[in-house]
Number of protein chains: 2
Amino acid sequence: MLRPGATIGILGGGQLGRMTALAAAELGLKCHVFTPERDSPAAEVCARVTVAPYEDETALEAFARGVDVVTYEFENVPAQTARVVSALTSLRPGARALATTQDRLEEKSFVAGLGLPTAPFAGIDSVADLEAALARLGRPAVLKTRRFGYDGKGQVKIADGMDAATAFDAIGRQPAILEGFVTFTREVSVVAARGEDGSIAAFDVCENAHRNHILDVTQVPASIAPETGRAALDAAAAIGAALDYVGVFTVEMFVVGDGGREGIVVNEIAPRVHNSGHWTIEGAETSQFEQHVRAICGWPLGSPARMGDVTMTNLIGADADTWQAILAEPGARLHLYGKTEARPGRKMGHVTRIRRRP
Amino acid sequence: MLRPGATIGILGGGQLGRMTALAAAELGLKCHVFTPERDSPAAEVCARVTVAPYEDETALEAFARGVDVVTYEFENVPAQTARVVSALTSLRPGARALATTQDRLEEKSFVAGLGLPTAPFAGIDSVADLEAALARLGRPAVLKTRRFGYDGKGQVKIADGMDAATAFDAIGRQPAILEGFVTFTREVSVVAARGEDGSIAAFDVCENAHRNHILDVTQVPASIAPETGRAALDAAAAIGAALDYVGVFTVEMFVVGDGGREGIVVNEIAPRVHNSGHWTIEGAETSQFEQHVRAICGWPLGSPARMGDVTMTNLIGADADTWQAILAEPGARLHLYGKTEARPGRKMGHVTRIRRRP
């Protein structure tokens with residue numbers, strides 16, 4: 001168990017690292033950010049920053065020696081980076097979580113192996129593999145690179161008329177996974193913390209709407225049947241336990257069917273705090289960021305109880321230009337990540353609105 | 001009006017500066033801390049820090065040129081420091097607030113001049129002044145240095161049997177104020193924000209209990225009559241307007257009399273966020289720190305609405321050793337300031353407990 005005054009090392013300098021560092025500071029902890037990026041959002045709120053590539057082992061070793069635990073804000077931490085850090089200090093979440101979630105085929109196989117529903121899938125290494133899999137899974141289907149995809153990057157939808165070679169070319173002929181199309185009614189996620197002692201604290205199921213493959217709005221509670229919610233939370237707990245996970249993780253799911261036959265299909269696991277959990281900063285007794293800090297420090301988890309009906313809206317690109325209107329709106333809670341350039345598709349901030357229970 | 005991405009300069013590196021910087025970061029603002037202290041709590045959460053004495057005008061000028069507005073977390077900013085900064089950028093709150101609140105005699109005269117009740121008082125420059133004032137105001141009375149007192153420092157209670165010379169010696173024969181003793185039932189404070197446009201947003205009246213002259217517990221709502229609460233809020237609004245104040249300020253008051261004859265006596269003005277307002281971080285729609293940031297940026301003030309019945313308890317010195325119990329207590333919100341050494345009397349952190357309205 002770490003003590004207040006300990007230093008958390010954070011791999012990655014984005015907004016997730018920034019909000020984690022802010023939560024750590026409230027608890028009297030120090031943070032040291034390691035990022036290849038100059039002027040990163042996370043570095044702005046920390047006294048200690050290393051700007052170096054993740055492959056710079058000398059810098060990594062100095063970083064790992066100077067902190068008490070290392071965590072990360074993105075799942076694509078290179079395996080060798082994780083190894084260098086793990087040799088010198090504790091990495092939380094651990095290597096198993098990274099290895100499983102960095103590779104879409106590994107991840108799907110892991111989830112299916114737990115007996116949880118997933119989209120039908122097949123590993124793809126060649127055009128021949130893809131042709132065979134398309135024949136089996138049907139169209140439309142989605143071809144995704146096994147590694148390094150996010151926010152819709154590294155994937156292509158294969159509808160009628162696109163041939164296998166064109167699709168495989170579109171993702172650069174990388175090792176891939178073909179996923180059968182799932183007809184869903186809603187997209188939901190479970191953001192949960194798992195403690196060093198195996199205890200689990202999940203936030204209420206979030207309902208997510210995307211725009212251009214990027215999260216647009218999260219609403220809590222989700223409009224799902226209570227049994228569906230329980231199934232979603234149970235699935236997340238099973239995944240956390242099987243990964244022997246310590247920290248906050250997120251499971252994205254589809255809701256399928258309707259009425260009496262509603263069910264969930266696990267889509268993706270993120271071994272980290274998640275955009276769909278940003279509402280917890282004001283909307284829950286303990287934020288996802290504080291929970292993550294508590295978990296990786298070996299501290300007891302806080303209460304995930306919700307404060308009311310919550311809507312979190314991302315501010316993407318030029319959306320952030322509306323900051324003045326949001327500041328003037330009663331009850332709206334504005335968060336900006338300190339990014340200078342509002343490029344299209346870039347997450348600049350978010351706004352949370354809570355309708356408190358009467 | 002500043003824009004997100006602007007830089008706030010903060011004079012002072014303590015926990016008030018730290019929590020202000022954390023609130024600024026949530027809104028996409030940068031902070032630059034100027035403090036004579038190495039390893040200060042505020043510097044831990046900022047990418048930009050200047051460690052130099054407040055008298056170092058070269059360092060001050062570079063600091064002032066690099067930021068968009070300067071604020072401070074303590075009222076004893078030297079007048080020359082304020083002048084150097086004001087010549088180069090805007091200082092908020094302004095010089096009038098500093099001049100009035102740095103000198104207890106100025107402050108009392110200012111408050112009395114607004115027609116607000118204060119303890120009876122007299123300026124003291126000599127033992128003869130003190131003897132005359134004691135004859136007029138009676139005993140017990142409190143002799144305080146005009147400048148640089150806080151948390152009970154720089155003051156002596158004069159009861160029967162202490163002669164005037166001994167008392168004047170006890171405070172180092174500095175220019176002083178004698179204050180008649182006020183028999184009060186409670187100590188309360190109003191923490192309020194005043195915007196650039198003169199708008200005011202006050203948090204609900206706080207009831208404060210001290211231990212060894214240091215704030216121990218704040219409870220909100222205060223156990224006072226509604227009219228007393230209104231009188232307290234009106235007094236604070238009058239003070240803010242008369243100082244042409246921009247930012248958060250705090251008015252400490254005594255509640256005197258009882259039942260139908262309850263009233264307030266203004267004790268002290270702090271031109272800054274205040275320990276008795278720490279509960280607003282979770283207990284109000286907008287925290288005192290966010291309000292201060294909004295005000296000094298020329299932004300609209302947020303809602304000061306309260307979330308429930310709140311108790312804030314300071315963690316002084318070794319109190320902070322109870323952090324594990326607090327972390328494990330459902331609903332308790334722990335804040336630690338990142339101070340390494342838990343000296344007796346040192347404010348190490350605080351804990352907020354909210355009983356939400358059913």
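Residues numbered from 1 in each chain as written. Chains lettered and ligands numbered in written order. Predicted model: local features only at pLDDT ≥ 70, side-chain atom pairs only at ≥ 80, totals over all residues.

Participant: What is the right way to look at the sheet that holds strand β6 (residues 141-145) of chain B in this model?
Facilitator: Strand pairs in the sheet, formed through backbone hydrogen bonds, run parallel or antiparallel to each other. All names here are of chain B. Across the sheet, which stays open at both edges, the four strands sit in the order β5-β8-β6-β7 with antiparallel pairing between neighbours. Strand pairing shows two members of the sheet lacking a second neighbour, β5 (121-124) and β7 (155-158), which therefore form its edges. Neighbour-to-neighbour, the strand axes of the sheet open up by a mean angle of 20°, direction not taken into account. Where β5 meets strand β8 (residues 176-180), four bridges bridge the pair, whose relative direction is antiparallel. (Pairing = 2+ DSSP bridges. Helix = DSSP H or I, 4+ residues; strand = E, 2+ residues; numbered from the N terminus. Axes fitted to C-alpha atoms, helices over the stretch in contact; angles between N-to-C directions.)

Participant: What am I meant to see in the confidence of the model for chain A here?
Facilitator: The predicted structure's coordinates, where accompanied by low pLDDT, should not be read in detail. For chain A, per-residue confidence averages 95 on the pLDDT scale, and residues scoring 70 or more make up 98% of the total. Reported for the predicted complex are a pTM of 0.96 and an ipTM of 0.95. (pLDDT = per-residue confidence, 0-100.)

Participant: What exactly am I supposed to notice about the interface of chain A and chain B here?
Facilitator: Counting from both sides, the interface comprises 28 residues of chain A and, opposite them, 28 residues of chain B. Those elements giving two or more residues to the side of chain A that touches chain B turn out to be α1 (15-26), α11 (323-328) and β16 (333-336) of chain A. By residue class, the composition of the side of chain A that touches chain B is 16 nonpolar, eight polar and four charged. (Contact = placed C-beta atoms within 7 Å. Nonpolar A, V, L, I, M, F, W, Y, C, P; charged D, E, K, R; others polar.)

Participant: For this particular structure, what's the right way to read the packing of α1 of chain A against helix α10 (residues 288-296) of chain A?
Facilitator: All names here are of chain A. Relative to each other, α1 and α10 sit at 70°, their axes nearing to 8 Å. As judged from the angle between their axes, α1 and α10 are roughly perpendicular. Of the two possible hands of crossing, α1 and α10 adopt the one that is right-handed. Judged by residue contacts, Met 19, Thr 20, Ala 23 and Ala 24 of α1 engage Phe 289, Glu 290, His 292 and Val 293 from α10. (Parallel < 35°, antiparallel > 145°, perpendicular 65-115°, else oblique. Left-handed = near helix turned anticlockwise from the far one by under 90°.)

Participant: Can you walk me through the relation of the copies chain A and chain B in this structure?
Facilitator: Note on the chain copies: they are related by a rotation about an axis and a translation along it. In the superposition of chain A on chain B (RMSD 0.0 Å, axial shift 0.0 Å), the rotation amounts to 180°. Here the copies are linked by what is in effect a two-fold axis. When each C-alpha of chain A is compared by its distance to the rotation axis, Val 45 of chain A comes out closest, at 2.4 Å. Of the residues that chain A buries at the interface, 100% are likewise interface residues in chain B, meaning the two copies contact each other through the same surface. (Least-squares fit on C-alpha atoms with pLDDT ≥ 70 in both.)

Participant: Even after reading the chapter, I still don't get the sheet that holds strand β8 (residues 176-180) of chain A, so can you show me in this structure?
Facilitator: All names here are of chain A. Here we have four strands laid out as an open sheet, ordered β5-β8-β6-β7, and antiparallel in their pairing. Among the strands making up the open sheet, the edge pair consists of β5 (121-124) and β7 (155-158). Averaged over all adjacent pairs, the angle separating strand axes in this sheet is 20°, with direction ignored. Bridge analysis of strand β6 (residues 141-145) against β8 gives five bridges, and the strand direction is antiparallel. Across the sheet, residue Lys 144 finds its bridge partner in β8, namely Ile 177. Strands β5, β6, β7 and β8 of the sheet are contacted by helix α6 (residues 127-137), whose axis makes an angle of about 170° with β5.

Participant: How should I be thinking about the domain arrangement of chain A in this particular structure?
Facilitator: According to the domain assignment, chain A contains domain 1 (7-91), domain 2 (120-180) and domain 3 (186-356). Centre-to-centre separation of domain 1 of chain A and domain 2 of chain A, based on C-alpha positions: 34 Å. (Domains from an automatic or database assignment.)

Participant: Quick question: what am I supposed to make of unusual backbone geometry here?
Facilitator: As a rule of thumb, non-glycine residues mostly have phi less than zero, and peptide bonds are mostly trans rather than cis. Residues and elements named next belong to chain A. Following Arg 139, the chain continues to Pro 140 via a peptide bond in cis, the omega torsion being -5°. Here Pro 140 is to be found in the loop between α6 and β6. Along the chain, Val 220 connects to Pro 221 via a cis peptide bond; the corresponding omega equals 5°. As for its position among the elements, Pro 221 is in the loop between β12 (214-220) and α8 (226-242).

Participant: How should the nonpolar core be read in this particular structure?
Facilitator: Nonpolar side chains in soluble globular proteins generally cluster together in the buried interior. Membership of the largest hydrophobic core comes to 183 residues, with the highest contact counts inside it found for Ala 192 of chain A together with Ala 192 of chain B. In this structure Ala 192 of chain B touches Ile 200, Ala 201, Ala 202, Phe 203, Ala 236, Gly 240, Val 248 and Phe 249 of chain B, once residues within four positions along its chain are discounted. (Core = buried A, V, L, I, M, F, W, Y, C linked by C-beta atoms within 7 Å. Buried ≥ 20, exposed ≤ 12 C-beta atoms within 10 Å, placed from the backbone.)

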